[in-house]
Amino acid sequence: MKRGLSLFLFLILALPGISALIYIDSPAKQQYNLGDNIEISGYITEQEKFSGFLSLVLNCNENKFQFPYTSLALNANEKKNLNTDVQLPKITIPGSISGLCSIDISLLSGSNIIDSAKSGQFEVKKNLKGSFSIDTKKLQVGTTFRLAGNIYKLDGKNTEGSVEIFFKNDGSRFLVDVANANEGRLDYLYKAIQLPEGIYKIDLFANDIYGNQQMFEDVAEFTLISRLHVNARASETSLKPGNKLKVYGDVKSPIENSMIDGIAKINLAGNEYAAAIKDSKFEYSIEIPAAIKSGRHSIEI
């Protein structure tokens, strides 16, 4: 009879902190990105004087990430708020965790767990959002377009990282360049050279500094034109060797109000001359060679 009573008393003494209570609110948002900070609120109270630690664990599908312990002292019947009275560690979502998650909090005395609580579930995702625009829908080969936009996390805050820029044309897709998104802002200039004429669509793959990623498909479209229309004239139609011949004209793009700069190569009697094209116009004065043969000669531009 005495042996049974002694065993019962021993078990009671070995169960510490049964009067503790932890309450934790659900996080303010339902979705977070990698690298986001989570703020928690709630309280902890203990009927008896306590000295020990608080443990915070980010638990995502049983993939757990332990944060540093926080020392905690409570007087009897004292209540402390988690977000104002306790110096909790910064809860930053690491790049190794995603999916449905919760914050697990435990009150520790030595190796014993006095009490524990779990927050409501929230989701950690790698997705990003964005909005983009292009300043022209048609351009001539050799001219430039500007692709601009903003890349931000699920909470609407800008993020920094790299953006891979892809063009698509006739079923093929190729990487054109990699640009930076500074404070979430993409401002990219592209000079359209070494591409065949056609219609192109633009895809963007964004990868921020925290590991969040997003493929943005068909964010813009442009038509690239390589054709030019040349209207050329000559100042004279009948000349003698040594006379001056002025060749001039216009170079037009199929794109309305597009101005062309470049070089017009003029061929006459086996000789080639280079005339500068400025604002879609060119002009060049040629001295007719003394050894030119009589007869009709054509001018190629």
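Residues numbered from 1 in each chain as written. Predicted model: local features only at pLDDT ≥ 70, side-chain atom pairs only at ≥ 80, totals over all residues. Heavy atoms only, no water.

1. Topic: the overall build of the protein chain
Moving on, step 1. On a plain count of helices and strands, the protein chain comes out with one helix and 24 strands.
Moving on, step 2. Across its three principal axes, the protein chain shows a C-alpha extent of roughly 140 × 35 × 30 Å.
Moving on, step 3. The proportion of buried residues among the 301 residues of the protein chain is 38%.
Moving on, step 4. Within the protein chain, residue pairs in contact and separated by at least 24 positions form 60% of the contacts whose partners lie at least 6 positions apart.
Moving on, step 5. Accessible surface, the protein chain: about 18,100 Å² in total, of which carbon and sulfur atoms supply 48%.
Moving on, step 6. Looking at the protein chain, you have 33 positive and 34 negative side-chain charges, and the mean spots of the two groups are 3 Å apart. (Helix = DSSP H or I, 4+ residues; strand = E, 2+ residues; numbered from the N terminus. Buried < 20%, exposed > 50% of the residue type's maximum accessible area, 1.4 Å probe, protein only. Contact = heavy atoms within 4.5 Å. Areas by Shrake-Rupley, 256 points an atom, 1.4 Å probe, with all protein chains shown as cover. Lys, Arg positive; Asp, Glu negative; His and termini not counted. Charge placed at Lys NZ, Arg CZ, Asp CG, Glu CD.)

2. Considering the confidence of the model for the protein chain
Moving on, step 1. Averaged over all residues, the pLDDT of the protein chain is 89; the fraction at 70 or higher stands at 94%.
Moving on, step 2. For the stretch residues 1-18, pLDDT sits under 50, and the model shows four contacts to residues farther than four places along the chain or on other chains. (pLDDT = per-residue confidence, 0-100.)

3. Brief notes about the sheet that holds strand β7 (residues 78-81)
Moving on, step 1. On the basis of which strands lie adjacent, the open sheet formed by three strands has the order β1-β3-β7 and antiparallel pairing. Of all strands in the sheet, those bounded by a partner on one side alone are β1 (21-24) and β7. With direction set aside, neighbouring strand axes in the sheet form an average angle of 10°.
Moving on, step 2. The sheet contact formed by strand β3 (residues 42-46) and β7 spans four bridges and is antiparallel. Bridge pairing in β7 places T45 opposite K79. (Pairing = 2+ DSSP bridges. Axes fitted to C-alpha atoms, helices over the stretch in contact; angles between N-to-C directions.)

4. A word on the pattern of salt bridges
Moving on, step 1. Under the criterion given, the structure shown has 11 salt bridges.
Moving on, step 2. Of the charged contacts in the structure, one is a salt bridge between R227 and E197, with a shortest N-O distance of 3.2 Å. Residue R227 is found in the loop between β18 (213-225) and β19 (229-234), and its partner E197 is found in the loop between β16 (185-191) and β17 (198-208); the two are separated by 30 residues along the sequence.
Moving on, step 3. In this structure E197 comes out as partly exposed when scored by relative accessible area, which is 36%.
Moving on, step 4. Ionic contacts of the salt-bridge type, sharing partners, join the residues K168, R173, D203 and D218 into one network. (Salt bridge = Lys/Arg side-chain N within 4 Å of Asp/Glu carboxyl O.)

5. Thoughts on the state of the cysteines
Moving on, step 1. Across all of its chains, the model carries one disulfide by this definition.
Moving on, step 2. The disulfide partner of C60 is C101, and the gap between their sulfur atoms is 1.9 Å. Its S-S torsion of about 110° marks the bond between C60 and C101 as right-handed, since a negative value means left-handed. Taken together, the residues C60 in strand β4 (residues 50-60) and C101 in strand β8 (residues 99-109) connect sequence positions 41 residues apart.
Moving on, step 3. Under the relative-accessibility criterion, C60 is labelled buried at 1%.
Moving on, step 4. A relative accessible area of 1% means that C101 is categorised as buried. (Disulfide = S-S within 2.5 Å.)

6. Side note on the pairing of β3
Moving on, step 1. With four of five residues buried, β3 is to be regarded as a mostly interior element.
Moving on, step 2. For β1 and β3, the ladder comprises four bridges, and the chain directions are antiparallel. Note that in β3 the partner of I22 across the bridge is I44.

7. Examining the nonpolar core
Moving on, step 1. Counting residues in each nonpolar core, the largest one holds 29 residues, and the members touching the most others are L58, I103 and L107.
Moving on, step 2. When contributions to this core are tallied by element, the ones reaching two or more residues are β1, β4, β6 (70-74), β8, β9 (112-118) and β10 (122-125).
Moving on, step 3. If you tally residues by element for this core, the top one is β4, at five residues.
Moving on, step 4. The residues touching L58, leaving out its near neighbours within four places in the chain, are N63, K64, F65, F67, I93, P94, I97, C101, S102, I103 and F122.
Moving on, step 5. Ranked by size, the runner-up nonpolar core spans 26 residues in total, among them I151, V163, L186 and Y190. (Core = buried A, V, L, I, M, F, W, Y, C linked by side-chain atoms within 4.5 Å.)

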